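Fold and geometry: a report
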Amino acid sequence: MKLVVGNLKMNILSPVERERYLGLFKKELGRKKLEKTEIVLCPPPIHLESFFKTLGKKVRIGALNIFWERQGSFTGEVSPAMVKNFGGEYVVLGHSERRRYFCENDQDVSLKIVAALKEGLSPILCVGDKEQGLKSASVVVSQLKNCLDKVNNMRIENVVICYEPVWAISSNNPGRLPTSNDVMSARLTIKKFLVEKYGAKTADKVRIIYGGSVDAKNVREICVDSGMDGALVGRESLEPYEFVKIAEIINR
Ligand code: PGA
């Protein structure tokens, strides 16, 4: 299955806005059957339950962060069990905005991945270089090595890897995009790492997606032509019409 993930970030500020978004999304999806593509929507945690109740039959729901402990005195954190019990199946981890604004490092991400897997959630692990250039492959490999250090062969197929160059995220650098070749070569770097660590057969089961300024106009070139298994979509996931269009192109 291909995968299209909506990263709603810190948006949708009120119940009214949420109802509007859910209504539009339902309408766009309508009776469309995207047989080869799984759609995942990741809203802020306060919306998780209502997203699940409204759209849970058509799309899968995910969170945008969790803590690595399950319960207790961790003021302000969200437990992996909460995400699971309120309908979540996925969780985005290691996003560059969490690394940048909340000082998350690879060790934190590694603990969170273990906690997610233990709870039966599928982590979507974001890795990506800050600057375009020669060292980018080594940055990605070191993030993979550190973040997956506690993930064994039995569990890795539940992890999704998202290659998201930080410089290509729409809010960082409007208009800067990798070429299809850049993305293909990042895919190969990730694949090689997975094959070496887990063997070819297991590595083949791990989905590798691309994130960073994806829209309906560029998705074919950067996500499909590069051989990626899908996309992580930020800005355009706020527009259900555009988001579903992206999913349809990936589904073809
Ligand atoms: P963008 O965001 O699609 O707006 O670039 C992607 C992301 O940060 O996950």
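The notes below deal with the structure included here. Small disclaimer: the values here were computed from a predicted structure and weren't measured.

A word on helix H10 (residues 240-251)
Look at H10: 16 Å from first C-alpha to last across twelve residues, which is about the 16 Å you get at 1.5 Å a residue. Among all positions of H10, only Pro240, Phe243, Val244, Ile246, Ala247, Ile249, Ile250 and Asn251 are buried. Next to the buried residues of H10 lie strand S1 (2-7), helix H1 (15-29), strand S2 (37-42), helix H9 (219-224) and strand S8 (230-233).

Looking at the packing of aromatic side chains
Enumeration over the complete set of coordinates arrives at six aromatic pairs. Measuring from ring centre to ring centre gives 6.3 Å for Tyr163 and Tyr210, while their planes differ by 55°; the resulting arrangement is tilted. Pair noted here: Tyr163 is in strand S6 (residues 160-163) and Tyr210 is in strand S7 (residues 207-211), with a separation of 47 residues, a long-range link. Classification of Tyr163 by relative accessible area gives buried; the value is 5%. Chaining the aromatic ring pairs together yields one cluster made of Tyr21, Phe25, Phe51 and Phe243.

A few points about the pairing of S7
Here S7 lies mainly inside the structure; five of its five residues are buried. Burial along S7 is two-sided: the residues Arg207, Ile209 and Gly211 and Ile208 and Tyr210 are all buried. Here S6 runs beside S7; their pairing, made up of four bridges, is parallel. Looking across to S7, one finds that Tyr163 is bridged to Tyr210. Summarising the sheet, S7 and S8 pair through two bridges and their orientation is parallel. Note that in S8 the partner of Tyr210 across the bridge is Ala231. Following the backbone out of S7, through H9 and into the adjacent parallel S8, one traces a crossover that is right-handed.

About the cut-offs
- Residues numbered from 1 in each chain as written.
- Predicted model: local features only at pLDDT ≥ 70, side-chain atom pairs only at ≥ 80, totals over all residues.
- Heavy atoms only, no water.
- Helix = DSSP H or I, 4+ residues; strand = E, 2+ residues; numbered from the N terminus.
- Expected span 1.5 Å × (residues − 1).
- Buried < 20%, exposed > 50% of the residue type's maximum accessible area, 1.4 Å probe, protein only.
- Contact = heavy atoms within 4.5 Å.
- Phe/Tyr/Trp six-rings, centres within 6.5 Å; stacked < 30°, edge-to-face > 60°.
- Pairing = 2+ DSSP bridges.
- Right-handed = clockwise from strand over helix to strand, strands pointing away.

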